[in-house]
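Working through the structure, step by step
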Amino acid sequence: MTDEEAPPTPAEMLRLIEEQRTAAMRRFVPDPLLMYVPWGVAWFVGFGTLFLGQGLAGDGNGLLPITWQVGLTVLWATQIIAFVLMIIALLRSGGHIKGESEARGAMYGLAWFVGFNAMGIIATRFVPLLQEDTIGPFYTSLFMLVAGLLYMAGGAVYRLWPQFLLGVWVVVVDVVGTVLGGGWIYLLLAVLGGGGAVTTGLWLRRQR
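The residue numbering used here restarts from 1 in each chain and proceeds along that chain's sequence as written. Residues qualify for local features only when their pLDDT is at least 70, as the model is predicted, and side-chain atom pairs are given and counted only at 80 or more; totals for whole chains, interfaces and linings, by contrast, use all residues. The basis for every side-chain value is the complete set of non-hydrogen atoms in the structure, without hydrogens or water.

Some details on the pattern of salt bridges
In what follows, salt bridge is the name for a side-chain nitrogen of Lys or Arg lying within 4 Å of a carboxyl oxygen of Asp or Glu. Inspection of the entire model under this criterion finds one salt bridge. Here aspartate 31 makes a salt bridge to arginine 205, at a shortest N to O gap of 2.9 Å. Here aspartate 31 is found in the loop between helix 1 (10-28) and helix 2 (32-35), whereas its partner arginine 205 is found in helix 8 (residues 184-207), with 174 residues between them in sequence. Judged by relative accessible area, which is 19%, aspartate 31 ranks as buried. The buried label applies to any residue whose accessible area, calculated with a 1.4 Å probe on protein chains only, is under 20% of its type's maximum; exposed applies above 50%, and partly exposed to all values in between. Residue class for arginine 205 comes out partly exposed when judged on its relative accessible area of 37%. In this description a helix means any DSSP run of H or I spanning at least four residues, a strand means any run of E spanning at least two, and both kinds are numbered starting from the N terminus.

The following block contains the structure:
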């Protein structure tokens, strides 16, 4: 038997198995950069814009003359882009598989769409009952609560602890910012929420 015909060593077999596993993850698991980083950037830009306009006191006397309406518009626009990129990542991974996994990805993407639209409709219903300086934090706290819970659900569905922990982190930051009041919620979600999402995406991409 020649060297070329010799059976692979255990080390070579392990390397081959690891290469196949990595290739499968790249093909079937959604790209972490598209799943997390766009949301982190959207939160940093959107909530950062709100903070610059509202300031720590949340009274509209921020560093720049930006109204909460403009800030929310920027936030919604950037998050729509992030949502589209996330759906692209889910479709790319789901396009290689059929059956239960494909349905799981479709349902998870639909949960984001339904959750945010339902939240927007419900929040709008109560806006007339609120004081103007509480409308921005009201929308913000509800939105990030939904986002955090969806990340936790996705982590459970895909068995990804980093995604689940990101959801917990987002909810905790959201609650702390809401309790502190004023513009603290914008600052914390921009820096800690956005930073957490970007860090999770980069870390998962490196693991992948």
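Re empty space enclosed by the protein
Empty space among the atoms can be located by rolling a probe the size of a water molecule over them. The way it works is a 1 Å grid over only the protein atoms, where trapped points that fit a 1.4 Å probe form a cavity and open points with protein on both sides within 12 Å along at least five of seven lines form a pocket, and then any residue with an atom within 4 Å of a point lines it. Grid points are joined across faces, edges and corners, and a volume is the space filled by probe spheres set on the points. Taken as a whole, this structure holds one cavity of 30 Å³ or more when the rule is applied. Its volume calculated, the largest cavity comes out at about 40 Å³. Leu72, Leu75, Trp76, Gln79, Tyr139, Thr140 and Phe143 are the residues that line the largest cavity. Of all the elements in the fold, those that place two or more residues in the lining of the largest cavity are helix 4 (68-94) and helix 6 (132-158). Ranked by the residues each element gives to the lining of the largest cavity, the list is headed by helix 4, at four residues. A per-class count over the lining of the largest cavity returns five nonpolar, two polar and no charged. Amino acids are sorted into nonpolar (Ala, Val, Leu, Ile, Met, Phe, Trp, Tyr, Cys and Pro), charged (Asp, Glu, Lys and Arg) and polar (every other residue, Gly among them).

Structural notes on a nonpolar patch on the surface
A patch consists of residues exposed above 30% relative accessible area that lack any salt bridge, with like charges linked at up to 9 Å and nonpolar side chains (Val, Leu, Ile, Met, Phe, Trp, Tyr) linked at up to 5 Å. For the area figures, the Shrake-Rupley method with a 1.4 Å probe applies, and any residue is considered shielded solely by the protein chains shown. Taken together, the side chains of Val41, Phe44, Val45, Trp169, Val191 and Leu192 define a hydrophobic patch exposed on the protein surface, amounting to about 520 Å² of accessible area. Counting residues per element, the ones that place at least two in the nonpolar patch are helix 3 (37-54) and helix 8. The greatest single-element share of the nonpolar patch, amounting to three residues, is contributed by helix 3. Relative to the assigned elements, valine 45 resides in helix 3.

Details of the environment of aspartate 31
Taking the C-alpha atoms as reference points, aspartate 31 and leucine 204, 173 residues apart in sequence, are found 8.9 Å from one another. A distance of 2.9 Å separates the side chain of aspartate 31 from the side chain of arginine 205, its partner in a polar contact. Pairs of N or O atoms within 3.5 Å make up the polar contacts considered here, provided that, within protein, one atom can donate a hydrogen while the other can accept it, and that residues adjacent in sequence are counted only when both atoms are side-chain atoms.

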